[in-house]
Amino acid sequence: MKDRSQELFARAQKRIPGGVNSPVRAFRSVGGVPRFIQSGKGSRVTDADGNTYIDYLGSWGPLILGHAPAPVVGALRRQIGLGTSYGAPTENEVVLAEMIAAAVPSIQMVRLVNSGTEATMSAIRLARAFTGRNKIIKFDGCYHGHVDSLLVKAGSGVATLGLPDSPGVQPQDCSSTISVPYNDIDTVSKVLDLNRSEVAAVIIEPVAGNMGTVLPARGFLQRLRKLTREHGTLLIFDEVITGFRLLYGGAQSLLKVKPDLTCLGKVIGGGLPVGAYGGLRSIMKWVAPEGQVYQAGTLSGNPLAVSAGIAALERLRAEGAYSKLADLTDSLVAGLKQAAEEADVPVRINSIGSMFTVFFTEAEVSDFQTAKTADTERYSRFFHALLRRGVYFPPSQFETCFLSLAHTKKDIKATIAMAREAFKEVAD
Ligand SMILES: *Cc1c(COP(=O)(O)O)cnc(C)c1O
């Protein structure tokens, strides 16, 4: 029988670097052959060999309504016959911008782009122009897309200037980027003092999703808000994952902290390629053509993407969407904890809203350093044990599992049952 995925992967590797169009899809950190997906419906995806999986990848975050949700599919059908791009403004762009501004507390004006990477890149450019400063503070383990200046991970020293994570990124591209430990307000404070009047922005995932799910410590974001304000430094929330995911108004609504600029993506495109950055009118009016900060895009505000985004947000605005997501997630997390305990496998499960990560460690995970205490080899075995049984978790320990409104209590029960077996399998 099979394996069509294997066949396709062999072909893909001849023509596409690593066989994939985004690195983590290649299963390098868990080993094995990535599943080539043929279709998705609701909470499930089906691969090229006809195997079906309960999906917790959710396309890495966008699919909060599940796969091929009726409202989004309907909106796309209506739009596609009307044309897919005009290079001229449309009413729906205004509608989506109004919906975003109404939902996200800190956004008065917003610019639509094509990806989360474009959103963070543009927000950084804007912050530098607005403040007339160069330096950027980011946090170890936070990912903001593949923007040159943000491709810096853990600097070893406290306030060392960044070195690039990727060849091709010139040292000078990130020589103004300072990466500090997540949840470490004292270090942020020190770095701001050492670089007085030089730091344009602090950029952060207000709830981190790219080292696995890591929550901000109580009061951390509030203190970050206060410190950045005192230093005349802009606070940028990268809510590409959390925007419209944790709550309709994003993490800033949930945690009640208002940044100066917010980056969005993923959920706001309803599964199509979109990003956005927005904030106070006084800052956003610096963006061209109202201001001098140049930023553009041939397909920005794309009619298909925007119609999908509007349909998704309309569904999310309905009463009870977020409490349903949280309830489903809580019951799954409780079941996973119990299953791990029964198998005597030490785990830490971080979760919030419809996001969670099962870390194979005994340590509390509060930053990248502690995330890295996880047993990645055990995660890989767990991942494959689940995949074989029909549950699709992210192919890396340092990623977030996402639930959608299409997940059912039955899915949760089935997942827990399979996880129980998977934990037993990785117990030794
Ligand atoms: C996914 C992600 C990005 C990048 O978005 P792309 O659309 O992949 O370019 C930026 N920031 C965060 C927090 C993300 O999770």
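Q: Can you lay out the packing of helix α6 (residues 185-194) against helix α7 (residues 220-231) for me, pointing to particular residues and giving the numbers?
A: Helix-helix packing: each pair is described by the crossing angle between the helix axes and the interaxial distance. Where α6 meets α7, the axes come as close as 10 Å, and the angle between the chain directions of the two elements is 10°. Put simply, α6 runs roughly parallel to α7. Here I185, D186, V188, S189, L192 and D193 of α6 lie close against α7, whose contacting residues are F220, R223, L224, L227 and H231. Here the residues of the contact of α6 with α7 sort into 6 nonpolar, 2 polar and 3 charged.

Q: I'd love a proper account of helix α14 (residues 409-425), names of residues and values included.
A: Helical periodicity: at 3.6 residues per turn, an α-helix aligns residues three or four positions apart in one direction. The end-to-end C-alpha distance of α14, which contains 17 residues, comes to 24 Å, matching closely the 24 Å that a straight helix rising 1.5 Å per residue would cover. Residues D411, I412, T415, I416, M418, A419, A422 and F423 constitute the buried set of α14. Here the buried face of α14 lies against β2 (44-47), β3 (52-55), α11 (321-342), β12 (355-359), α13 (376-389) and β13 (391-392).

Q: Just give me the short version of the pairing of β3, but keep the residues and values in it.
A: Where β2 meets β3, 3 bridges bridge the pair, whose relative direction is antiparallel. Following the sheet pairing, R44 is matched in β3 by I54. Hairpin connection, β2 to β3: the antiparallel pair is bridged by 4 residues, and G50 has positive phi, about 85°. The pairing of β3 with β13 spans 2 bridges and is classified as parallel. Looking at the pairing, D55 lines up with Y392 of β13.

Q: Residues and numbers for the sheet that holds strand β5 (residues 135-139), please.
A: What the 7 strands build is an open sheet, ordered β4-β10-β9-β8-β7-β5-β6; its pairing is mixed. In this open sheet, the two edge strands, each paired with only one partner strand, are β4 (109-113) and β6 (177-180). Neighbour-to-neighbour, the strand axes of the sheet open up by a mean angle of 20°, direction not taken into account. Of the pairings in the sheet, the one linking strand β7 (residues 199-204) to strand β8 (residues 234-238) comprises 4 bridges and is parallel in character. Counterpart to V202 in the pairing with β8 is L235.

Q: Tell me about the sheet that holds β12, residues and numbers included.
A: Taken in spatial order, the 3 strands of this open sheet run β11-β12-β14, and their pairing is antiparallel. Edge positions in the sheet fall to β11 (348-352) and β14 (401-402), since each of these pairs with one other strand and no more. Two strands pair when backbone bridges link them, and β12 and β14 are joined in this way by 2 bridges, in the antiparallel orientation. Of the residues in β14, the one forming a bridge with M355 is F402.

Q: Give me the lowdown on the side chain of S149, citing residues and values where you can.
A: With respect to the helices and strands, S149 occurs in the loop between β5 and α5 (171-174). Classification of S149 as buried rests on a relative accessible area of 7%. Look past the residues within four positions of S149 in its chain and what remains in contact with it is I124, R128, D173, C174 and T177.

Q: Describe unusual backbone geometry, listing the residues and the values that go with them.
A: Following A288, the chain continues into P289 via a peptide bond in cis, with omega recorded as 10°. Looking at the secondary structure, you find P289 in the loop between α9 (281-284) and α10 (303-317). Unlike most non-glycine residues, D344 shows phi in positive territory, near 60°. Of note, D344 is situated in the loop between α11 and β11.

Q: So what's going on with the packing of aromatic side chains? Residues and values would help.
A: With the rule as written, the count across this model stands at 17 aromatic pairs. Seen in terms of ring centroids, F130 and W286 are 5.3 Å apart; in terms of plane orientation they differ by 70°. Their pairing is edge-to-face. Of the two residues, F130 sits in helix α4 (residues 116-131) while W286 sits in the loop between α9 and α10, which places them 156 residues apart along the sequence. Their ring planes at 80° and their centres at 5.9 Å tell us that F139 and F220 sit as a pair that is edge-to-face. Note that F139 is positioned in strand β5 and F220 in helix α7, a separation of 81 residues in sequence. Take F139 and F220: they sit in the same class, and that class is buried. Feature note: the residues Y56, F356, F360, Y379, F382, F393 and F423 constitute an aromatic cluster, connected by ring pairs.

Q: Which residues make up the site of the ligand, and what values do they have?
A: The ligand sits among S115, G116, T117, Y143, H144, G145, E205, N210, D238, V240, I241 and K266. The side chain of T117 places a nitrogen or oxygen atom 2.6 Å from an oxygen atom of the ligand. Within the backbone of Y143, a nitrogen or oxygen atom sits 3.3 Å from a nitrogen atom of the ligand. Relative to its free-state accessible area of 380 Å², the ligand is covered by the protein chains to the extent of 83%. Class assignment of the residues belonging to the shell around the ligand gives a composition of 3 nonpolar, 6 polar and 3 charged.

Q: Could you give an account of the domain arrangement of the protein, with specific residues and numbers?
A: One can read the domain layout of the protein as domain 1 (4-68 + 319-425) and domain 2 (70-316). Computed over C-alpha atoms only, the centres of domain 1 and domain 2 are separated by 25 Å. Counting residues at the interface gives 29 residues for domain 1, matched by 30 residues for domain 2. Both faces combined, the contact of domain 1 with domain 2 buries some 2,500 Å², and carbon together with sulfur accounts for 66% of it. Considering only the side of domain 1, the residues that lose the most area to domain 2 are Y322, I352 and F368, jointly responsible for 27% of the buried surface there. The interface formed by domain 1 and domain 2 holds 0 salt bridges in total. Applying the counting rule to domain 1 against domain 2 returns 11 residue pairs in polar contact (both at pLDDT 80 or more). Sorting the residues of the side of domain 1 that touches domain 2 by element identifies α11, β11, β12 and α12 (368-371) as the ones contributing at least two each. A total of 4 residues in the side of domain 1 that touches domain 2 trace back to one element, the largest contributor, which is β12.

Calculation notes
Residues numbered from 1 in each chain as written. Predicted model: local features only at pLDDT ≥ 70, side-chain atom pairs only at ≥ 80, totals over all residues. Heavy atoms only, no water. Axes fitted to C-alpha atoms, helices over the stretch in contact; angles between N-to-C directions. Helix = DSSP H or I, 4+ residues; strand = E, 2+ residues; numbered from the N terminus. Parallel < 35°, antiparallel > 145°, perpendicular 65-115°, else oblique. Contact = heavy atoms within 4.5 Å. Nonpolar A, V, L, I, M, F, W, Y, C, P; charged D, E, K, R; others polar. Expected span 1.5 Å × (residues − 1). Buried < 20%, exposed > 50% of the residue type's maximum accessible area, 1.4 Å probe, protein only. Pairing = 2+ DSSP bridges. Phe/Tyr/Trp six-rings, centres within 6.5 Å; stacked < 30°, edge-to-face > 60°. Near = heavy atom within 4 Å. Polar contact = N/O pair within 3.5 Å; in protein donor to acceptor, adjacent residues only side chain to side chain. Areas by Shrake-Rupley, 256 points an atom, 1.4 Å probe, with all protein chains shown as cover. Domains from an automatic or database assignment. Buried area = accessible area lost by both parts, 1.4 Å probe. Salt bridge = Lys/Arg side-chain N within 4 Å of Asp/Glu carboxyl O.

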